Amino acid sequence: MKAGGAYLPIDYKYPDDRISYMIEEACASMVLCCGTESRRICKTSGITTLSLEEICYESISVQAIDYKNKPEDIAYVIFTSGSTGKPKGTMLKHKGLVNFCLSNELKKAKNCVNILAVGSFSFDISLVEIFLPLLNGLTVTLASEEQVNNAEALAEIIRNRNIDLIHTTPTRLAFYMK
């Protein structure tokens, strides 16, 4: 995003036609793929793809990336479920995302440093779980699908990563409390 792209989360579990529709509707010019399941997205999209697992990160400069965006540029596109027809994309601008993240109540959690993201990155709660902490200088740990669906595995990652905060729905919290 900082380098000029907009974030369009696509769940690898979506049907091929939905993936193709989202990519086409958003006018995406590149798809970043990660994980063996997401390779299907790369094949489905028919556009330039980059597998994040095939990058030699040791050869990449660690210098800060110049910020190429203006506040009015699109930062994020999220699609509705499509339950009433075709999914509809909603575009969020950088200024709206930054304003939301910097004005959020998270700053009041004084000793909160490590956040655990347990929601799907293709669901709008990911804005709260990922962007909000990062824009406030906190660390985000992304829980795997296996960890999210196994309370014991989740407890282990909480202990091992010294997690201070999990932002989740009441339904998921009730699942963990069982």
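What counts and what doesn't
Residues numbered from 1 in each chain as written. Predicted model: local features only at pLDDT ≥ 70, side-chain atom pairs only at ≥ 80, totals over all residues. Heavy atoms only, no water. Salt bridge = Lys/Arg side-chain N within 4 Å of Asp/Glu carboxyl O. Helix = DSSP H or I, 4+ residues; strand = E, 2+ residues; numbered from the N terminus. Buried < 20%, exposed > 50% of the residue type's maximum accessible area, 1.4 Å probe, protein only. Axes fitted to C-alpha atoms, helices over the stretch in contact; angles between N-to-C directions. Parallel < 35°, antiparallel > 145°, perpendicular 65-115°, else oblique. Contact = heavy atoms within 4.5 Å. Nonpolar A, V, L, I, M, F, W, Y, C, P; charged D, E, K, R; others polar. Phe/Tyr/Trp six-rings, centres within 6.5 Å; stacked < 30°, edge-to-face > 60°. Lys NZ or Arg CZ within 6 Å of the ring centre and 35° of its normal. Polar contact = N/O pair within 3.5 Å; in protein donor to acceptor, adjacent residues only side chain to side chain.

> How should I be thinking about the pattern of salt bridges in this particular structure?
Between side chains of opposite charge, pairing is possible as soon as their charged atoms come close. Counted under the stated rule, the structure contains 3 salt bridges. Notably, a salt bridge pairs Lys13 with Glu145, separated by 2.2 Å at the nearest N-O pair. Taken as a pair, Lys13 in the segment before helix H1 (16–25) and Glu145 in helix H5 (residues 145–148) lie far apart in primary sequence, 132 residues in all. Residue Lys13 is classed as partly exposed on the basis of its relative accessible area, which comes to 48%. Between Lys93 and Glu72 there is a salt bridge, and its shortest N-O distance comes to 3.0 Å.

> Explain the packing of helix H3 (residues 94–103) against helix H4 (residues 125–135) to me, please; I cannot follow it from the model alone.
Packed helices, taken two at a time, are described by the angle between their axes plus the distance between the axes. For the pair H3 and H4, interaxial distance at closest approach is 9 Å and the crossing angle is 80 degrees. With respect to their mutual orientation, H3 and H4 come out roughly perpendicular. Along the contact surface, H3 presents Leu97, Val98, Phe100, Cys101 and Leu102, while H4 presents Leu127, Val128, Phe131, Leu132 and Leu135. For the contact of H3 with H4, the class distribution of residues is 10 nonpolar, no polar and no charged.

> So what exactly am I meant to see when it comes to unusual backbone geometry here?
With glycine set apart, most residues show a phi of negative sign, and most peptide bonds adopt trans. In the Ramachandran plot, Cys27 falls in the positive-phi region, its phi being about 55 degrees despite a non-glycine side chain. Within the element layout of this structure, Cys27 appears in the loop between H1 and strand E1 (30–33). Backbone geometry at Asn162 places phi at a positive 50 degrees, although glycine is not the residue there. Take Asn162: it is sitting in the loop between helix H6 (151–160) and strand E7 (165–166).

> Teacher, can you tell me more about the packing of aromatic side chains here?
The geometry of two aromatic rings is summed up by the distance between their centres and the angle between their planes. In this structure the tally under the stated criterion is 4 aromatic pairs. Summarising the aromatic geometry, the rings of Tyr7 and Phe131 are spaced 5.6 Å apart at their centres and angled 80 degrees between planes, so their arrangement reads as edge-to-face. Of this pair, Tyr7 sits in the segment before H1 while Phe131 sits in helix H4, and the two are 124 residues apart along the sequence. Accessibility expressed as a relative area gives 23% for Tyr7, which makes it partly exposed. Taking relative accessible area as the criterion, Phe131 reaches 12% and is therefore assigned buried. When the centroid spacing of 6.4 Å and the interplanar angle of 70 degrees are considered together, the rings of Tyr21 and Phe79 count as edge-to-face. Residue Tyr21 is found in helix H1, and its partner Phe79 is found in strand E3 (residues 74–79); the two are separated by 58 residues along the sequence. Residue classification places Phe79 among the buried residues on the basis of a relative accessible area of 9%. Within the aromatic cluster, the residues linked to one another by ring pairs are Tyr7, Tyr76 and Phe131. The ring of Tyr14 has Arg18 sitting right over it, with the charged end atom 4.3 Å from the ring centre.

> Even after reading the chapter, I still don't get the side chain of Ser122, so can you show me in this structure?
Looking at where Ser122 falls in the secondary structure, it is placed in the loop between strand E5 (114–117) and H4. Taking the relative accessible area as the measure of exposure, Ser122 reaches 10% and is therefore buried. Engagement of the side chain of Ser122 in a polar contact is seen with the side chain of Ser120, the distance being 2.8 Å.

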